[in-house]
Amino acid sequence: MMNEKSVRKNVTLGATLGYIAFFLNVLSGLFFTPWLIISFGSSQYGILTLATALVNLFVIDFGLSNATTSFLSRFRAENDKENIEKTLAIIYKTYFIIDAIMLIIFIALYFLSPLIYKGLTIEELELFKKSLLIVAMFSLISLPTTTFNGIINAYEKFAFLKFTDIFQRLLYIGLATATILLELNVYYVLISQAISGLIVIALKFFFIYFSIRVKPNFKSKATKEFIKTVLFYSLTAAFITITSRVSFHFVPNVLGALSTTEEVAFFGVAAMIEGFVFSFGTVISTFFLAKLARINKEKNSIEKTTKLAIKVGRFQFIVISLVIVGFVIVGRDFIKVWMRGDSLYTPVYYCTIILSFFQLIDAPQSLLKNKIYLDSNKIKYHALFEGISTILTVALAFLFVYLFRENNLNPSIGAALSILLSRLTAFTLKNITYQKLTGVNMKRFWHDVYFKQTIISIVIIIITLIILKFFLSEFDYRLRFLFMGSITFIVYIITTIVFNITNEEKLLIKKIFKKS
């Protein structure tokens, strides 16, 4: 087992690589994907997207990767190798069953595709079927290997995991670029994706086999109670994962039924930006499960958990606040630059702020969620709250979209509000129960994590918006975006260091820069 010094080093390096991977994904999404669309045409690229979307409807993690991390972290803290091997055997067997079911579904979809997609031409249908074969085959291979991420997280090898993310993205971009330059068929883009994915899967397999040295024991006989515990946890975690993001798949359909396709487009762009914020806020969300499992076995575990939750929460809130503050100030200009002056930017701007606000307050509580995830008896409460949030989203989406449409307001903004209010309801319920479920003092947590940085952020937003309105309103929006974006970043960093960062955190920052 790694000592605490090695764990801290791995967390620091893993977080750094994680944020590099995040920015690489954002940049490739903003610049590389449009190049692919221009090179192959929106129609052909749309076929690839259609095939991928169809497969993704059926291929989900089912909570098994999360179960792997949680159970292995707990058993590793107890030095219980036998239960680690049993857990992996159960999870792999479950994945093999899911794979068999998925194979039957994909075969049916392949042969039924002419009936499902009657609007496609013969050439488009042939391209779709080839694309479906590639995506389906890769998904069937990769689905059971999502467990690899859970194993690597449980053994706290975060730097390697994030390195593979960067490597896979760069390899895909390189192969896809070659596809464009060599003027190959568009489905070679999917082959590029599959090749890069398979290489990374192989790297993870060899890393687990030779470095971590853990494997499933298929001959071991687990009790029915143990199997039931693992499967119940996995299904509960899957329910949480699905319900927490289902709103973004359901709400566009409400907009499409009650509003216009233009409003669906507004919401879609805002949801994509919110997805970036979500990814940014969850880079280190699973880094501390193993440490929490160890703390649970120590004396004074509640106080140690509280200190760790505050330390991690402060970091996440400061980082995400920077993104949100920056977007509030220069978001209009950013969207305008990105959309090349398109007038869509106003509703997208407000939708993005509304949708992203939840990530601002929720992501800093990731460690509290992890604490609950370690207890298979408590995770059901989290699932209950997510279920309530989903039901509220369905009801509020219809109501708000209708009311905003009837009052000549943007229905997309009403749709975003329906998601925010339903999620805030679940968030409130969680915070009421967190102290009882985790033992963490929530008043202390809220004060230490949110209070000072919130004041700093509000002051910066008010001052900069006044400057924008009265002094820079006539500036070219591209220059204003660069200038105010840079000023906001510098002012935010300086004021945060001066007014919020503790002496302990300053020493830690100095150590990191000295080592780098």
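Here, every reference points to the structure presented above.
Residues numbered from 1 in each chain as written. Predicted model: local features only at pLDDT ≥ 70, side-chain atom pairs only at ≥ 80, totals over all residues. Heavy atoms only, no water.

(A) Representation of the overall build of the protein chain. Of regular secondary structure, the protein chain possesses 19 helices and zero strands. The C-alpha atoms of the protein chain give 24 Å as radius of gyration, which agrees with the globular expectation for 516 residues (24 Å, within 12%). Dimensions along the principal axes, computed over C-alpha positions, put the protein chain at roughly 70 × 65 × 45 Å. Burial analysis of the protein chain (516 residues in total) assigns 50% to the buried set. Expressed as a percentage of contacts within the protein chain between residues at least 6 apart in sequence, the contacts between residues at least 24 apart total 83%. Summing over all exposed atoms, the protein chain offers an accessible surface of approximately 25700 Å²; the carbon and sulfur share of this is 68%. For the protein chain, the centre of its 52 positive side-chain charges and the centre of its 30 negative side-chain charges are spaced 9 Å apart. (Helix = DSSP H or I, 4+ residues; strand = E, 2+ residues; numbered from the N terminus. Rg over C-alpha atoms; globule rule 2.2 N^0.38 Å. Buried < 20%, exposed > 50% of the residue type's maximum accessible area, 1.4 Å probe, protein only. Contact = heavy atoms within 4.5 Å. Areas by Shrake-Rupley, 256 points an atom, 1.4 Å probe, with all protein chains shown as cover. Lys, Arg positive; Asp, Glu negative; His and termini not counted. Charge placed at Lys NZ, Arg CZ, Asp CG, Glu CD.)

(B) Broad picture of the environment of E124. Considering the arrangement of structural elements, one finds E124 in helix α5 (residues 122–142). Here the alpha-carbon distance between E124 and R74, two residues 50 residues apart in the chain, equals 50 Å. Contact partners of E124, with chain neighbours within four places excluded, come to S43, I47 and G119.

(C) Highlighting the packing of aromatic side chains. Evaluated as defined, the whole model comprises 25 aromatic pairs. When the ring of F427 is compared with that of W446, the centres are 6.1 Å apart and the planes differ by 70°; the resulting orientation is edge-to-face. Placement of F427 in helix α16 (residues 411–438) and of W446 in helix α17 (residues 442–471) is noted, with a sequence separation of 19 residues between them. The exposure class assigned to W446 is partly exposed, which follows from its relative accessible area of 33%. Grouping aromatic residues by their ring pairs yields a cluster made of F317, F358, F427, F445, W446 and Y450. (Phe/Tyr/Trp six-rings, centres within 6.5 Å; stacked < 30°, edge-to-face > 60°.)

(D) Broad picture of the environment of H382. As for its placement among the helices and strands, H382 is situated in helix α15 (residues 379–406). Expressed as a C-alpha distance, the spacing of H382 and K221, which sit 161 residues apart in the sequence, is 31 Å.

(E) Examining the environment of W446 more closely. Linking W446 and Q365, residues 81 residues apart in sequence, is a C-alpha distance of 9.8 Å. Among residues more than four places away in sequence, those in contact with W446 are Q365, F427, N431 and F451.

(F) Structural view of the nonpolar core. By size, the foremost hydrophobic cluster in this structure holds 80 residues, and its most contacted members are F267, F288 and F445. Looking at this core, the element that brings in the most residues is helix α12 (residues 301–338), giving 15 residues. If near-sequence neighbours (up to four positions away) are discounted, F267 is found in contact with F248, V251, P252, L255, L355, S412, A415, A416 and I419. (Core = buried A, V, L, I, M, F, W, Y, C linked by side-chain atoms within 4.5 Å.)

(G) Examining the packing of helix α10 (residues 261–281) against α12 more closely. Running from amino to carboxyl end, α10 crosses α12 at an angle of 155°, the nearest separation of the two axes being 11 Å. When the axis of α10 is compared with that of α12, the two are roughly antiparallel. Handedness of the α10/α12 crossing: right-handed. Across from V269, M272, I273, V277, F280 and G281 in α10, the residues of α12 making contact are Q316, V319, I320, V323, I324, F327, F334, I335 and W338. The class makeup of the residues in the contact of α10 with α12 is 13 nonpolar, two polar and no charged. (Axes fitted to C-alpha atoms, helices over the stretch in contact; angles between N-to-C directions. Parallel < 35°, antiparallel > 145°, perpendicular 65-115°, else oblique. Left-handed = near helix turned anticlockwise from the far one by under 90°. Nonpolar A, V, L, I, M, F, W, Y, C, P; charged D, E, K, R; others polar.)

(H) Highlighting the side chain of S259. On the secondary structure map, S259 appears in the loop between α9 (224–258) and α10. Filtering out sequence-adjacent residues up to four positions away, S259 remains in contact with V254 and P411.

(I) Representation of helix α6 (residues 147–154) within the structure. Within α6, seven of the eight residues are buried, which leaves the element mostly enclosed by the surrounding structure. Of the residues making up α6, those classed as buried are T147, F148, G150, I151, I152, N153 and A154. Buried residues along α6 sit against α3 (64–77), α4 (81–116), α7 (158–181), α8 (188–212) and α11 (289–295). In the segment just after α6, E156 is the residue with positive phi, at about 60°.

(J) Quick look at unusual backbone geometry. Residues other than glycine seldom take positive phi values, yet N79 does so here, at roughly 55°. By the element assignment, N79 lies in the loop between α3 and α4. The backbone phi angle of E156 is positive, close to 60°, even though this residue is not glycine. Take E156: its relative accessible area is 0%, and that puts it in the buried class.

None of this, on its own, says anything about what the molecule does.
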